[in-house]
Each structure stands twice: as structure tokens, then as C-alpha cells.
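# Observations on the three-dimensional arrangement
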Amino acid sequence: MYRYFAIFKPFGMISQFSKEGDHETLADLGFQFPTDVYPLGRLDTDSEGLLLLTNDKRVNAKLLLPENKHNRKYLVQLEGEITDTAIESMKKGVTLNDKGSVYKTRPAEIKIVESPPVPERNPPVRFRKNIPTSWIELVLQEGKNRQVRKMTAAVGFPTLRLIRMEIEGIRLEKFEKGWVKELRKDEFYSFLKLKL
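Residues numbered from 1 in each chain as written. Predicted model: local features only at pLDDT ≥ 70, side-chain atom pairs only at ≥ 80, totals over all residues. Heavy atoms only, no water.

## Quick notes on the nonpolar core
Just so we agree on the cut-off: Residues enter a nonpolar core if they are buried and are Ala, Val, Leu, Ile, Met, Phe, Trp, Tyr or Cys, with the set joined through side-chain atoms within 4.5 Å. The buried label goes to any residue with under 20% of its type's maximum accessible area, the exposed label to any with over 50%, and the partly exposed label to all in between, with areas taken from a 1.4 Å probe on protein chains only. Whether two residues are in contact is decided by their heavy atoms, any of which lying within 4.5 Å being enough.
Judged by nonpolar contacts, the single largest core of 23 residues is most densely connected at L50, L52, V59, I170, F188 and L192. Sequence-distant contacts of L52, that is, excluding residues within four places in its chain, are made with F5, A6, Y38, P39, L40, L63, I167, I170, F188 and L192. By size, the runner-up hydrophobic cluster in this structure holds 20 residues, among which are M90, Y103, I110 and L138.

## Some words on helix α2 (residues 84-92)
In plain terms, the rule: Secondary structure counts use DSSP, requiring at least four H or I residues in a row for a helix and at least two E residues in a row for a strand, with both numbered from the N terminus. Working note: the arc is built from the helix axis to C-beta atom directions.
Considered for burial, the residues of α2 that qualify are A86, I87 and M90. Seen from one end, α2 has its buried residues packed into an arc of 100°, which puts them on one side. Away from its buried face, by an angle of more than 90 degrees, α2 presents the exposed residues D84, T85 and K92. Elements that come into contact with the buried residues of α2 comprise β7 (109-113), β8 (133-140) and α3 (147-154).

## Some words on unusual backbone geometry
Residue P123 follows N122 across a cis peptide bond; omega there is 0°. Despite not being glycine, E168 shows a phi value in the positive range, around 50°. Summarising the element assignment, E168 is placed in the loop between β9 (159-167) and β10 (170-171). With a phi angle near 55°, K193 is a residue other than glycine that sits in the positive phi range. Assignment of secondary structure puts K193 in the segment after α4 (185-191). Taking relative accessible area as the criterion, K193 reaches 64% and is therefore assigned exposed.

## Details of the pattern of salt bridges
Worth spelling out the cut-off: A pairing counts as a salt bridge when a side-chain nitrogen of Lys or Arg comes within 4 Å of a carboxyl oxygen of Asp or Glu.
In this structure the tally under the stated criterion is 16 salt bridges. The salt bridge partner of D44 is R149, with a shortest N-O separation of 3.5 Å. Highlighted residues: D44 in the loop between β2 (38-40) and β3 (48-54) and R149 in helix α3, separated in sequence by 105 residues. Note on R149: relative accessible area 13%, which makes it buried. For K91, the salt bridge goes to E88, with nearest N and O atoms at 3.7 Å. Separated by three residues within a single helix, K91 and E88 lie in helix α2, roughly one turn from each other. Among the residues examined, K91 registers a relative accessible area of 32% and is labelled partly exposed. Beyond isolated ion pairs, a larger network of salt bridges with shared partners links K73, K111, E137, E166 and R171.

## Examining the side chain of Q77
Put simply, the rule reads: What qualifies as a polar contact is a pair of N or O atoms within 3.5 Å, subject to a donor-acceptor requirement within protein and to the restriction that residues adjacent in sequence count only when both atoms come from side chains.
Examined against the element boundaries, Q77 turns out to sit in strand β4 (residues 72-79). Polar contacts involving the side chain of Q77 include one to the side chain of T133, which spans 3.5 Å.

## A look at the pairing of strand β6 (residues 101-104)
Just so we agree on the cut-off: Criterion used throughout: strands pair if DSSP finds at least two bridges between them.
Summarising the sheet, strand β5 (residues 95-98) and β6 pair through four bridges and their orientation is antiparallel. In the sheet register, N97 faces β6, and the bridge partner there is V102.

## A short note on the pairing of strand β1 (residues 4-9)
Summarising burial for β1: six of the six residues are buried, a large majority. With burial as the criterion, each face of β1 is covered, one bearing Y4, A6 and F8 and the other bearing F5, I7 and K9. Taken together, the six bridges between β1 and β3 define a ladder with antiparallel strand orientation. Considered in β3, the bridge of F8 is made with L50.

These figures come from the coordinates and say nothing about function on their own.
The following block contains the structure:
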């Protein structure tokens, strides 16, 4: 039987069930997932937010292949006051060098967000007294390794905090460790604009 879940992955947790070093894993969420469920994509250890899990292997290719574009929305806290120039650069696509492989990111949707209503991170973000911070909402249709962090660093505004809020029509509803929402197959496919 296929099962479909949306969860909140907190900061410091790795996007897998098996133990690796001292990091918490998805098994530490306190929910009894079926043993054959796995995450669709990843969020790195320093990122938090929405992660999807399923045991429906057909969804993996449909959701993760680059040609199957799906919107992913992030809230990003940046070091420094983001400039219009930096925003325009990211909107058009930024050229990145990933271990010798040079590529240009797809155009992105970006807007500045004033103090979004998100709870303090645990542990809190380390601030520098003389440097302000700013928030942006960023929508991508691709998800290369640490792409958001590389994009903001490339335009001069390092990422301090990264929260994935949405994948297509599935939204993060609670910022709390242990938040798990099970979806029906028809809901899951419909939200992600996949064909049954």
C-alpha cells in the first residue's frame, strides 16, 4: 500500500532514517513511518522545512527529474540588506561553479519579505551586531545541491537561515519537530500536478 507524507525537518537533522554521526535522523521525529518509506529529495542538515516522504517509487522520477519542473518555495534569511541588483541577478539566473562543473541557474522568482512570521530557530542564528539581515521569498524549479546557498553567496549575501515552505501545492503548516501530515494518493498527486 502506497503512503504519502509531508513533514517538518528541523535544523540539524539529516534527511534520512539511518544514523550518521551525531545528527538526529527522520527516525527521531517520533512517528511510526512504514519501513519502506523514503524522502523525495533532500534538505541539507543546516536547512529546515518541508520534506516529502513516500514508498511510491513512481513519484521519485516524476518529481525529481529536471525536465519535470516543480516549484519549490523557500524563505531565506540573508546576511546584509539585499540589493535590487542582487535580486535581478538571481531572477535572471546565476552562473555557479560546482566542483569544476559550471552551470547557470534557471530564472527564479524573488521578492523581499519583511519579518516573516516564523519562530526562532533552535539553535538561534548567529548574528553579527553591525551587519543587518534581510529576508527573501525565493521560488525555484530546480534543486541542485545547496543551490540556494550558492546563489545568494554568488551575489554577495550569504544565507543565514533557509526554510523550504512549499513544493508545488503542498505547504508546510507547522514549524515544529514531529509535525507529520499524511496525504491521500489522489491529494498528493493532485497537489504536485502529477498524473495518477
